[in-house]
Amino acid sequence: MARLNDHYLKLRAGYLFPEIARRVRAYTEAAPDQAARVIRCGIGDVTEPLPAAAREAMHAAVDELGERGSFRGYGPEQGYDFLREAIATHAYQSRGVEVAADEIFVSDGSKCDTGNILDIFANGANRTAITDPVYPVYVDTNVMAGNTGPADASGAYEGLLYLPCTAANDFVPAIPDEPVDLVYLCYPNNPTGATATREQLQAWVDYARANDTILLFDAAYEAFIRDPEIPRSIFEIPGARDCAIEFRSFSKNGGFTGVRCAYTVVPGELTALTSAGERKPLHPLWSRRQSTKFNGASYVVQRGAAGLFTDQGQAEVAALIDHYMANAALLREACQQIGLPVYGGVNAPYVWVGCPEGVDSWGMFDRLLQQAQVVVTPGAGFGAAGEGYFRISAFNSRENVEEACRRLRQALG
Ligand SMILES: *Cc1c(COP(=O)(O)O)cnc(C)c1O
């Protein structure tokens, strides 16, 4: 008799986005004349067309595959050298950050990488900390791996250490006063749009080195950082190569959410302990994990990603970021004018807004849907500390953002 993975039954089944979809559906069924007016500022998906540099590189790659002499089948599981080298050079070394091409593992997404990374850590043996609010993937993958107990009434899983991120700590968690083994950090942050300063990240690296902790650092939004003082990579912090893994993606900077390409950096120096207490490097484990369970990202897609690092590609990525960040500025301004507390949206494509006195985050969601036909994401959906906030995504057309701002002012102003 086959037994299933009981841990899946602990999951609070896809609560947030299905619930948003359900409420939008219920509203548009009850008010069909409003259906066409609905503006979605909820899900963090890009909207603008793919950069020409990526498209042209992919077209050329498709043509290569159409010729016997340049046809390619399975590629290296860790990614093609041309892309690993382009990443090492342009994303790291040109900024003075030490990351070698063979420390970069190309994949088809950071969502998978941040989940799959648990394969190389002992199930149930690590104390894990996550921020609250949080990108739900980190939590749910730990639940699936059996690293937690059941969820309580507030949705918090037994066994995880939740690190509250609030306005009082600028949405960067305090260093825990106990040792933990794994910590997920995401800066610039989804959902709060907060960034972490060099000093804050240095404190995390110092803590990690003192406690033999590994930092799982999600830098999916690094390209949105405008302030040159804010680190774009955890590896800008001295000591991080001993204690951190970094996840990056082409999804948000290159508009690759549908194309699919990302990468993970596992430094050669990074180690952890065996159950017998022996210290071993993690790089060979992740390499083995990828070559066993993954057959590499598509050649065409990797050519497209490499296209983003050409001069033309860099200019086009910069234009995309400018577009989304100008949206963020408009959304910030509208919410500030209404008189709501506004965070994020300066070095990140998310604006994190405090609800008016006496309204909770789902209450605010309903009110904006019904009065403005604008769909936001209720903060409580990202964790208990997200209660009292809502997230507005800047990933949208200018037209939609301008209209959303107009309606927010009308409904709340
Ligand atoms: C969008 C996003 C990613 C990127 O995921 P992909 O699978 O590469 O598209 C990673 N982390 C966070 C927090 C994100 O919001």
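Residues numbered from 1 in each chain as written. Predicted model: local features only at pLDDT ≥ 70, side-chain atom pairs only at ≥ 80, totals over all residues. Heavy atoms only, no water.

A closer look at the overall build of the protein
Part 1: Looking only at helices and strands, one finds eleven helices and 15 strands in the protein.
Part 2: Taking 413 residues into account, the globule formula puts the C-alpha radius of gyration at 22 Å, and the protein, at 22 Å, falls close to it.
Part 3: If you line up the protein on its principal axes, its C-alpha atoms span 55 × 55 × 55 Å.
Part 4: A total of 413 residues make up the protein; the buried ones form 54% of that total.
Part 5: In the protein, of all internal contacts separated by at least 6 residues, the share reaching a separation of at least 24 is 73%.
Part 6: With the model as given, the accessible surface of the protein reaches about 17700 Å², and the carbon-plus-sulfur share is 50%. (Helix = DSSP H or I, 4+ residues; strand = E, 2+ residues; numbered from the N terminus. Rg over C-alpha atoms; globule rule 2.2 N^0.38 Å. Buried < 20%, exposed > 50% of the residue type's maximum accessible area, 1.4 Å probe, protein only. Contact = heavy atoms within 4.5 Å. Areas by Shrake-Rupley, 256 points an atom, 1.4 Å probe, with all protein chains shown as cover.)

Some thoughts on the site of the ligand
Part 1: Around the ligand, a shell composed of 14 residues is seen, among which Asp-218, Tyr-221, Ser-249, Ser-251 and Lys-252 lie nearest.
Part 2: A distance of 3.3 Å separates an oxygen atom of the ligand from a polar atom in the side chain of Lys-252.
Part 3: Contact between the ligand and Arg-260: an oxygen atom at 2.7 Å from a side-chain N or O atom of the residue.
Part 4: When the ligand sits alone it has 390 Å² of accessible area, and the protein chains cover 94% of it. (Near = heavy atom within 4 Å. Polar contact = N/O pair within 3.5 Å; in protein donor to acceptor, adjacent residues only side chain to side chain.)

Focus: helix α8 (residues 299-307)
Part 1: The element α8 is largely enclosed, with a buried count of eight among its nine residues.
Part 2: Residues of α8 that are buried: Tyr-299, Val-300, Val-301, Gln-302, Gly-304, Ala-305, Ala-306 and Gly-307.
Part 3: Those residues of α8 that are buried lie in contact with α2 (52-65), α3 (81-92), β2 (104-107) and α9 (311-338).

Observations concerning the nonpolar core
Part 1: Ranked by internal contacts, the top residues of the largest apolar core, which has 107 residues, are Ile-87, Leu-215, Ile-234, Phe-250 and Ile-392.
Part 2: Shared between two domains, this core takes at least three residues from each, and those domains are domain 1 (10-49 + 312-412) and domain 2 (55-310).
Part 3: Residues Val-139, Val-143, Ile-245 and Val-266 belong to the second largest nonpolar core, which totals 25 residues. (Core = buried A, V, L, I, M, F, W, Y, C linked by side-chain atoms within 4.5 Å. Domains from an automatic or database assignment.)

Quick word on the sheet that holds strand β11 (residues 342-344)
Part 1: With antiparallel pairing, four strands are arranged side by side in an open sheet as β11-β12-β15-β14. Strands with a single pairing partner mark the edges of an open sheet, and in this sheet they are β11 and β14 (377-378).
Part 2: Here β11 runs beside strand β12 (residues 350-354); their pairing, made up of three bridges, is antiparallel. In the strand pairing of β12, Val-342 is matched with Val-353. (Pairing = 2+ DSSP bridges.)

Focus on the pairing of strand β4 (residues 160-164)
Consecutive residues of a regular strand have side chains that alternate between opposite faces of the sheet.
Part 1: Sheet topology note: the strand β3 (residues 128-132)/β4 ladder contains five bridges and is parallel. Bridging from a neighbouring strand, Ile-130 pairs with Tyr-162 of β4.
Part 2: The β-α-β motif built from β3, the intervening helix α5 (residues 136-144) and the parallel element β4 has right-handed crossover chirality. (Right-handed = clockwise from strand over helix to strand, strands pointing away.)

Topic: the domain arrangement of the protein
Part 1: Domain boundaries assigned for the protein yield domain 1 (10-49 + 312-412) and domain 2 (55-310).
Part 2: Computed over C-alpha atoms, the centres of domain 1 and domain 2 are 26 Å apart.
Part 3: If you look at the interface, domain 1 gives 32 residues, while domain 2 gives 43 residues.
Part 4: Regarding the contact of domain 1 and domain 2, the summed buried area is about 3000 Å², with carbon and sulfur atoms giving 60% of it.
Part 5: The interface formed by domain 1 and domain 2 holds one salt bridge in total. (Buried area = accessible area lost by both parts, 1.4 Å probe. Salt bridge = Lys/Arg side-chain N within 4 Å of Asp/Glu carboxyl O.)

Topic: the pairing of strand β6 (residues 214-218)
Part 1: Of all the five residues making up β6, five are buried; the element is thus mostly covered by neighbouring parts of the structure.
Part 2: Residues Ile-214, Leu-216 and Asp-218 line one face of β6 and the alternating positions Leu-215 and Phe-217 line the opposite face, and both faces are buried.
Part 3: Handedness of the crossover is the feature at issue here: the chain leaves strand β5 (residues 182-186), passes through helix α6 (residues 198-211), returns alongside β6, and the resulting connection is right-handed.
Part 4: Bridge analysis of β6 against strand β7 (residues 244-249) gives four bridges, and the strand direction is parallel. Bridge pairing in β7 places Leu-216 opposite Ile-245.

Quick look at the pattern of salt bridges
Part 1: Scanning the model with the defined rule gives 21 salt bridges in all.
Part 2: In this structure, Lys-293 engages Asp-119 in a salt bridge whose closest nitrogen and oxygen atoms are separated by 2.8 Å. With Lys-293 in helix α7 (residues 283-293) and Asp-119 in the loop between α4 (110-116) and β3, this pair connects stretches of sequence that are 174 residues apart.
Part 3: The class of Lys-293 is exposed, set by a relative accessible area of 57%.

Re the environment of Asp-63
Part 1: Mapped onto the elements, Asp-63 comes out in helix α2.
Part 2: When the C-alpha positions of Asp-63 and Val-300 are compared, they lie 9.6 Å apart, and in sequence the two are 237 residues distant.

Digging into helix α1 (residues 16-30)
Part 1: With 15 residues, α1 extends 21 Å from end C-alpha to end C-alpha; this agrees with the ideal 21 Å at 1.5 Å per step.
Part 2: Residues of α1 that are buried: Leu-16, Glu-19, Ile-20, Val-24, Tyr-27 and Thr-28. Down the axis of α1, the buried set is contained in an arc of 165°. They therefore lie on one face. In α1, the exposed positions angled more than 90 degrees off the buried face are occupied by Glu-29 and Ala-30.
Part 3: Where α1 is buried, its residues touch β1 (39-40), α10 (361-372), β13 (374-375) and β14. (Expected span 1.5 Å × (residues − 1). Arc of directions from axis to C-beta.)

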